Each structure stands twice: as C-alpha cells, then as structure tokens.
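Each chain is listed here by its residues.
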Amino acid sequence: MDSTGVPHILEHTVLCGSEKYPCRDPFFKMLNRSLSTFMNAFTASDYTMYPFSTQNGKDFQNLLSVYLDAVFFPCLRELDFWQEGWRLENETPTDPSTPLVFKGVVFNEMKGAFSDNESVYAQHLQNKLYPDHTYSVVSGGEPLAIPDLTWEQLKQFHATHYHPSNARFFTYGDLPLEQHLKQIEEEALSRFDRIDPNTEVPSQSHWSSPREDHVTCSPDALAPDPAKQNTLCVSYLLGDITNTFEGFTLSLLSSLMISGPNSPFYKALIEPKIGTDFSSVVGYDGSTKEASFSIGLQGMAEADTERVKEIISQTIDDIIETGFEEERIEALLHKLEIQMKHQSTNFGLSLASYIASMWNHDGDPVELLQINESVARFRSALKENPRFLQEKVEHYFKENTHRLTLSMSSDEAYLEKQAKAEEEKLQKKIQALSDSDRKEIYEKGLQLLSAQSQTQDVSCLPALKVSDIEPTIPVTPVQISTTGGVPVQYCEQPTNGLVYFRAMCSLNNLPQDLKLYVPLFCSVITKMGCGALDYRQQAQQMELRTGGMSVSTQVISDFEHLDMYEQGVLLSSSCLERNLPHMFQLWSDIFSSPHFDEERLRVLVMMSAQELANGISHSGHSYAMTHAGRHLTPAADLTETFGGMEQVKFMKRIAEMTDLSQVIRTLSRIRKHLLNTDNMRCAVNATPQKMSDTAAQLESFLKEVAENKKERRATRPNIVERPLDTVNPAGPSRKLISELNFHPCPMKTFFQLPFPVNFVSESIRTVPFSHEDYASLCVLARMMTAKFLHSEIREKGGAYGGGARMGGGLFSFYSYRDPNSVETLSAFRKGVDWAKSGRFTQQDIDEAKLSVFSAVDSPVAPADKGMGRFLNGVTDEMKQNHRERLFAVAHRNLVEAAERYLAVGQRTRGVAILGPENEALKKDPSWIVK
C-alpha cells in the first residue's frame, strides 16, 4: 500500500480500451453513442465504483457490455498509463530541446485537488486517524508519490483486485433482472473461477491515549479575515459500519449534536464567532470500515486553539448531563420521513452510493435500506431508556481514547514548497536518465502525440441511432389561474403526499444600488427568525413542518431577445400535505415581520463568505465562464453580479466590516421591494386529490400577505410583458426588462489566485433559444467537445477537463484544472477552425445529437415538472419545435454556424482566466489583471 494513486490511475486506465472494445477511450466515446443519464467512475478510500444509468433498455445492455469489458478485460496499454497517470515529457513534445516536465491527467487532477485546503485537511485527518492500514495512504494519489508508480505495478494491482470474487453488482430500475444476470454471467463471470481475493480491511487497533498533530496549507486570498486561517478539529473513531442500527443511531446523534442553530455545538462553537464555520470535515462519516465523528472550526485564530478544545470537551459534558429536547428528535425523524418520500431523478444512483461502503465490508445492504425498522427500533430504545443517547455520547466521545486533535495553519510559502518539492522530484528523475533514456522519452512523447491525433475507428463500439430517440416529448399539463391578483400555475403530479410550492418575486422595482446585496438577502432571510419566532425556534419549526425553505436569485434570459431578461428571487419549499397551513404561516411571517439582528447576521455572513471562498477551487471553470460572458448580454452581467467573482469579493468586503447596521438597513429595504404580491407569481405541484385544498390554503396566504403591502411606484420604464398562458394573451404576464441599447464589449480578464492550475474560458455572444441557429450551436458545442477539444485540452494538454457549451445566448469554451493558460485559448481557436473546415462525418453529427438529446430528455422529478415553463416561459410546444430543429441539423448548418458566430471578428467575445501568477499576461496590456 502506498500513495501512488494506483486504484485511481487504474480507474482511469481501464476506461481507455478493452478486449472487445480496443479503441482508445471507449468511455468518452460512449458518452456520445448513448442516451445515458449518468456515466462515471469514482475511487473512494477502499473501493472503486463504476456507475451508469439510462432510460433506454437497449442502451442499458450496450453500456453494461462496455463497462463489464473495461473492468474485467482492459487493455491497460503503456501509452494509456502515460496519458492518464504520469509521464516525463518534453514541455513541447515535438521539440527535444525543451525541458522535461511531469504530465498526466491524474497527476494534474490531484495537484488541483491538493490545492483545495478542505481536501488537504480531510485527507490528512483520515490518514492520521487510521494509521495502520489502507486508510493511511492517499487512494487518489499524492502528487509527489504518483511518479513512483510503474506500469508493471498498475497491471499487478488489476490482476489481484479486479476479479469477480472481489466485485459487487448493483442494478436498479424497471428492466427485468434475469436479463442483467444472464448478460453479466455470459460476458464476464463465466470466464473466471471463484477465488479468495483476500482484500478485507482489518479493524484499526485502538489507541490507549489521544493524539495531536499539525499540518499546513496554502493561504486563502479570499479569507474573510487573513489573520484567522487556522482549522482545528477533534475526530473520534467509532464502531464498525456493518452494525446497521448502531450506525443509524450514531448518524442521528451526530445531526442532533451539530445540525442547525439549535444544536449544542452550533451554540457553543459557531455563535461566539470564534471561527467562520465548522471544520470542512464535520459530523458522522460512515465511509470507512469503522465510522468516525469530527467536530471543529475553520477560519479561527491560532490563539483560540486551547479555548476551542475546552469548549468541545465541555459541550460533550453538557450533552451527557442535559440530553436533547424531544421536539428536536421529532424534527429529525420528520426530516427522514420527507427524505424517504421525496423522489429524485437519481434515486438508484444514490442508493448504490448509500450502501457501497457497508456492503464492501460484508455488511447487509438490505438491512441498511429498511429505514422504517431502524426508526421504530430507535423510538423504542429511547422509550425504554430516556438516557439512551446520553449513554452513547459518554461511551463514544467522553470515554473514547482513540481521538485525534488535528490543527492546520496556512503557510505563506506552502505553494512554493510544493513547487520546490515537485522540482526536486523531477530533477532526481532526470538525473537518473542516460542519453538513450532521453531519446526514448522524446520518441515515446511523439508516439503518444500521434496516437492522440489519429482518427479512431470506433466501429467496434455499440451505439444507439438517432432514430432510437423519441420524436415527440410527453406533454406536461398545467392550469394557470389568478388568485387575489397573483398568477398561479397548478401542476398535478404523483408527489407521494408532498406539496411543492414556489413563488417568483420580480426585482424590477429594486433600486440599482441594492442589487449586489440580493444574494446575501436570499441566503439569510429564512434564517434570521420571523414573527414571534427567534431564529432558533424558526429553524426548529422549519425542520418539524417542512422539507426546507429557501430563497435564490434568478436571472432568466429571454427566449427571443438577447437583450431582454427576467430578474427575480425564487422562494421554494415543500411539506407533507398535513403541514400545509404551517408552511404558509412560516412564509407569511417571513414576508410581514422578518427579524434582522446584527449578531445573527454576522454569523451568517462569515459562514457565507467562507463557503464562497472555499468553492472557487471546485468551480473555477464556472466562475471563469460567468466572468467571460459578463459584458456580452445584460442577463450575463447580472449573473456575474449575483454569482460571479464580483459577488465573492463583495461578500469578503461585507465579512470584513466591523459594523453591519448599514447592511441591515439595506436588507430591510430589499424586503419591502421584493416580498410583495404586486410582483409575484406562484407554482404548486401536488397530487390531484390535494390540489383544491392546496389552492384554498394558498389563497388565504396571499390574502394575508397582500394586506401588509405598501404602494410602490414602478421604477423601470423599459418593461416588456409576455403572457404566462399562450392561449390567453390578455391574461397574467411575466414582466421582462429590455435593454435594447446595451452595447456588448470585448474584455480579457485575469484573476491571480493561489492555485497551481488554471481555469480558462472564452465566451461568444450568439443567438437566443427560439432562433433557428440555436439548435445548430447546441449540436456544435457537443461535437467540438467530443471530437476535438477533449483530445486537445485533456489528452494532449493534460487538463482534467475542457469543452464547449451553449446556453443563455452565449457559446462558451472552458477548461478545468488546466496546467496551461494562453495555450488553451489557441486550442479553442483551433477547435473553431476544425469546425469551419467541415472535417467531420455524419456519424460525428449523429453522436453529438445523441449527446444533446440525453441532456434534453434527462428525467424530471414530479416536484420539478412544469418548472421550466413557470420560470422561463418555454412551453411544451416551443420545446417540441426546438426538438425538431435538433433532429434537422445537418453538416452544412454546423459549418455555417461556426463561420457566422465563432470565427474571429464575427461576434463580440469575452475571455477570463483564473490561475497562478502569470508574467506573460501581466505584461500584455490587452489583459485586465485583478
């Protein structure tokens, strides 16, 4: 066992070709030959999982065949190991005089992962809490250890671990099981004899006394308070996860201890504002053979270390003494009931993930799924012994000597040290090379490049045809009516006894200077208390009576005009049918009398700023795309204000303020403009039996809210109205903002951030949804991604990912965790030249269409049916027109679209890069450096 990442690199390499499907990269090729709704592979600490899903029976057989062959009979070619794992190669592979560097997809992926302080901390915590066996190494690969892995070791690991005797199969859905079993037997199992794989993970031996340790990470440029960048966390080793009831109890106990403002650890650690939020690892973790529980803080000062340790042990003593209120336990069990009734579109996949760890250690997965039985047993255990939970706390936390206190602080020189260690590793490898080795590296580099550049023969792979796609979409019937002057859309659905409520409140009357504050308003308005309830009581009522209540910003591009858009905030909530009056009462109190308390706001602001800062290393490509599009359409500009780098910096500024009274006044002004029946429309999804009752409840809610409203004068002259119901043009409407004098302008922006990798994006202003060329651009984006950009940016460039997407009137290129910056922009240009040249086949076009349709036809949960229409006005009829245009896209349309929109000088474009220091960009006057 080591940290070379062999299980992770193997996961990548088995998907690069197999016995029956020897072409390079069947995994990425199948993405475009199938209508899959999900395809991926994950490597956890002690297993690798290969999941896929589809709604088409023939497709299911195709994918099962490709996955079985990949896992059990992969080619594992040396060239694939170099591409996916690591290699030494000339910086420019065609020029032997350029320096040798490390390259490889997993190598760069893990460099990216280790630039994220939360991942670094989680990794160290697990390695140090379970030091005896497999959990002490990095299964994904430690960047400096990856170059120690050899091709021979990779093949050896496959031979010993990838055997049916060491595998588990899981299927879910309405296709007959016999068919799956027959195919698995014929295509894989029949070729093996049963063996003892000997891969059990032994239990971690228990420590007789607690341990402490310290690690460092890179400083966070966006931290709300640069002087507070420490993390401290205490982790406890718990019991074996194969004990289902014990695991169930400990996971509930964990929620009672840390979840929400009523929990003892929230009161003791978050409210005194010692740190910005709980540590990135917090609560119950059942993903290892023996579970763990962690509690701690991030964003704290080093000086508070001892204080935090004392608070943690004091809080545990307090819990043992006082236990938990009955109402909190009820609220938690209610949450479980809702989770079981709510239908998500990836239910099968979430079940597979839910049982994977326990089943992997020979637990009983069926027992794990019988949640109602665990709930009943839990209730009776509490009834028999009111101190049931307190005794667990005493046993697992108070008396447990196997606990680790791990602190982390930022080190200014961290990235420099990482780079230096990598450079030393590289030099050590290079010094060991003879001249003939160097020559061989150069030749192998050329060999890999030519393999990557060859057109693949993919005829061996199974594929669906465009004719397998349903020609028409199923219609979703909705009723639109008006209640108390407010438009309401009713959609009857089999919701399992839940009611889903949404309200869209327009921002049209909101003064411009308040816009930046809207996301903050959305994130705090349901968490500050309302009416007679303080924020703790409010949180309790929400847990007890609803499936959650949230508010989010909405910027919706118009389907006909690029310079028109709708802006608003969306209220969303759900509840069991019996709790409808309670849910509407909570909304009513939020509308009429929300609380704005400065102390409470500061806690929420710090958590929010911390969360935004932590998110950039995961979603850097989204931030880059959002910023690149900012100056191209009015909707994209507002999207950047609400959710781009501008918002991240704004929240950092708010978190640094000593006095928040002005912010509170601003939030209060926003509420008066927003939560107002004059500029609102609602949507309800419920069962047919419950619809009239729901409508009556909604009506009394709207009446109550309307009584509180003040007269507000309209402040925007440039409003365009669109009917909500196409059959009734004179009826209720959506009010859009029209900025017809908007001038798009080209901008190139570079954000310097403390990451070792880049996120690159270029965005081009094109056409809206109902334009005849929109479908061609959708197909073009998928085709360029699959047939050109994937090989340029990932295979040759070494980035973790890259491609193109179409949406909101913008055609955007992006790369993710990319070792290159400006070079990637020229890869985007080359992609456009490739499309203009028409060097693609009918097969390429058909595959791109399959890929587009698998997204267009991805399943929609009953809770979300009719929501597209409610939010953006796109009716089933418009969707059907778009569908027919997609079917009709031909070779000529794609070449024309590339020439008309993507060629240099045709349309306005914006560029953004997030990444490490870059001298070339700083010296170039055409770039704005942030």
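Just so it is clear, the model here is predicted, and its values are computed rather than measured. (Residues numbered from 1 in each chain as written. Predicted model: local features only at pLDDT ≥ 70, side-chain atom pairs only at ≥ 80, totals over all residues. Heavy atoms only, no water.)

Remarks on the overall build of the chain
To be explicit about the condition: Labels follow the DSSP assignment, with helices taken as runs of H or I lasting at least four residues and strands as runs of E lasting at least two, numbered in each case from the N terminus. With C-alpha atoms as the basis for the radius of gyration, the globule rule is written as 2.2 Å multiplied by the number of residues raised to the power 0.38. Exposure categories follow from relative accessible area, calculated using a 1.4 Å probe and restricted to protein chains: below 20% of the type maximum is buried, above 50% is exposed, and the middle band is partly exposed. The contact definition used throughout considers only heavy atoms, calling two residues in contact when any of these lie within 4.5 Å. Accessible areas in this description were obtained via Shrake-Rupley with a 1.4 Å probe; residue shielding takes into account the shown protein chains only. Positive charge is attributed to Lys and Arg, negative charge to Asp and Glu, and no charge count is given to His or to the chain ends. Throughout, a charge is located at the NZ atom of Lys, the CZ atom of Arg, the CG atom of Asp or the CD atom of Glu.
Within the chain, the secondary structure is distributed over 33 helices and 26 strands. Taken over C-alpha atoms, the radius of gyration comes to 28 Å for the chain, in line with the 30 Å a tight globule of 930 residues would show. Dimensions of the chain along its principal axes, counting C-alpha atoms only, are 85 × 75 × 65 Å. Scored against the burial criterion, the 930 residues of the chain give a buried share of 57%. Considering only contacts in the chain between residues 6 or more positions apart, those separated by 24 or more positions represent 81%. In the form shown here, the chain has an accessible surface area of approximately 38600 Å², with 50% of it arising from carbon and sulfur atoms. Separation of charge centres in the chain, based on 93 positive and 120 negative side chains, amounts to 5 Å.

Observations regarding unusual backbone geometry
Where the residue is not glycine, phi is negative for most of them; where a peptide bond is considered, it is trans in most cases. Positive phi, normally seen in glycine, also occurs at D25, with a value near 65°. When you line up the elements, D25 lands in the loop between α1 (6-14) and α2 (26-30). The exposure class of D25 is buried, given its relative accessible area of 5%. A positive phi angle, near 55°, is found at N198, a position not held by glycine. Position of N198 relative to the elements: it lies in the loop between α8 (177-187) and β7 (211-217). What makes N198 exposed here is its relative accessible area of 59%.

Quick word on the domain arrangement of the chain
Our working definition: Residue ranges labeled as domains rest on an automatic or database domain assignment. Once two parts are joined, some of their accessible surface, as seen by a 1.4 Å probe, is lost; buried area is that loss totalled over both. A pair is scored as a salt bridge if a Lys or Arg side-chain nitrogen falls within 4 Å of a carboxyl oxygen belonging to Asp or Glu. N or O atoms within 3.5 Å of each other form a polar contact, as long as, within protein, one can give a hydrogen and the other can take it, and as long as residues adjacent in sequence are counted only when both atoms are side-chain atoms.
The domains assigned to the chain are domain 1 (6-200 + 421-450), domain 2 (211-410), domain 3 (479-738) and domain 4 (746-929). When each unit is reduced to the centre of its C-alpha atoms, the spacing between domain 1 and domain 4 is 27 Å. Taking both partners together, domain 1 and domain 4 bury about 2000 Å²; carbon and sulfur atoms supply 54% of that area. The interface formed by domain 1 and domain 4 contains 3 salt bridges. The partner of E795 in a salt bridge is R24, with the nearest N and O atoms 3.5 Å apart. Taken together, the connections running from domain 1 to domain 4 amount to 9 residue pairs in polar contact (both at pLDDT 80 or more). Among the elements of the structure, β1 (36-39), α4 (78-84) and α5 (105-113) are those that each provide at least two residues to the side of domain 1 that touches domain 4.

Digging into the sheet that holds strand β26 (residues 928-929)
In any sheet, the strands associate via hydrogen bonds between backbone groups, in a parallel or an antiparallel arrangement. Put simply, the rule is: Any two strands between which DSSP finds at least two bridges are classified as paired.
Reading across from one edge, β23-β24-β22-β25-β21-β26 is the order of the 6 strands in this open sheet, with mixed pairing throughout. Among the strands making up the open sheet, the edge pair consists of β23 (801-807) and β26.

Topic: helix α9 (residues 244-258)
Stated precisely, the cut-off is as follows: Any helix carries an expected span of 1.5 Å times its number of residues minus one.
The first and last C-alpha atoms of α9 sit 21 Å apart over 15 residues, in line with the 21 Å expected at 1.5 Å per residue. In terms of burial, α9 is largely enclosed, as 13 of its 15 residues are buried. G260 occupies a position one or two residues after α9 and carries a positive phi of about 80°.

Notes on the packing of aromatic side chains
The test is simple: Only rings of Phe, Tyr and Trp enter the pairing, Trp through its six-membered ring, and a pair is recorded when the two centres are within 6.5 Å. The plane angle decides the type: under 30 degrees is stacked, over 60 is edge-to-face, the rest tilted. Only when the NZ of Lys or the CZ of Arg is both within 6 Å of the ring centre and within 35 degrees of the ring normal is a charge said to sit over the ring.
Per the stated rule, a full pass over the model turns up 35 aromatic pairs. Note on F813 and F828: the rings are 5.0 Å apart at their centroids and 15° apart in plane angle, and the pair reads as stacked. Of this pair, F813 sits in strand β24 (residues 810-818) while F828 sits in helix α28 (residues 822-837), and the two are 15 residues apart along the sequence. Just as F813 is buried, F828 falls in that class too. An aromatic cluster of at least three residues, connected via ring pairs, comprises F27, F28, F52, F60 and Y67. Positioned over the ring face of W151 is K155, at 3.4 Å from the centre of the ring. The ring centre of F870 lies 5.1 Å from the NZ or CZ of R681, which sits over that ring.

Structural notes on the side chain of N579
Within the secondary structure, N579 sits in the loop between β17 (564-576) and α21 (580-592). For N579, a relative accessible area of 3% puts it in the buried group. Leaving out residues up to four positions away in the same chain, N579 has contacts with H334, L544 and R545.

Considerations on the pairing of strand β18 (residues 680-686)
Most of β18 sits out of view: 7 of its 7 residues are buried. Residues M680, C682, V684 and A686 of β18 are buried on one face, and the alternating residues R681, A683 and N685, pointing to the opposite face, are buried as well. Pairing of strand β14 (residues 486-492) with β18, which is carried by 5 bridges, proceeds in the parallel orientation. Note on β18: the bridge partner recorded for C491 is N685. Pairing of strand β15 (residues 498-506) with β18, which is carried by 6 bridges, proceeds in the antiparallel orientation. Looking across to β18, one finds that F501 is bridged to V684.

Some details on the pairing of strand β13 (residues 479-483)
As judged from the 5 bridges shared by β13 and β14, these two strands associate in the antiparallel manner. Paired with S481 across the two strands is V488, which belongs to β14. Where β13 folds back onto β14 in an antiparallel hairpin, the turn is made up of 2 residues, including G484, whose phi is positive at roughly 55°.

Quick look at the packing of helix α12 (residues 326-341) against helix α15 (residues 371-384)
Stated formally: To get an axis, fit a line to the C-alpha atoms, keeping to the stretch in contact for a helix; angles then go from 0 to 180 degrees between the N-to-C directions. Just so you know how the angles are binned, under 35 degrees is roughly parallel, over 145 roughly antiparallel, 65 to 115 roughly perpendicular, and the rest oblique.
One way to put it is that α12 packs onto α15 with a least axis distance of 11 Å and a crossing angle of 170°. The orientation of α12 relative to α15 falls into the category roughly antiparallel. Here α12 contributes I329, E330, L333, L336 and M340 to the contact with α15, which in turn contributes I371, N372, V375, F378, R379 and L382.

Things to note about the pattern of salt bridges
Side chains that differ in sign of charge can pair as their charged atoms come close. Within this structure, the stated rule accounts for 58 salt bridges. We note a salt bridge from R883 to D857, for which the minimum N-O separation is 2.7 Å. Residue R883 is located in helix α31 (residues 876-888), and its partner D857 is located in the loop between α29 (842-856) and α30 (867-872); the two are separated by 26 residues in the primary sequence. Salt bridges linked by common partners bring R33, K787, D844 and E847 together as one network.

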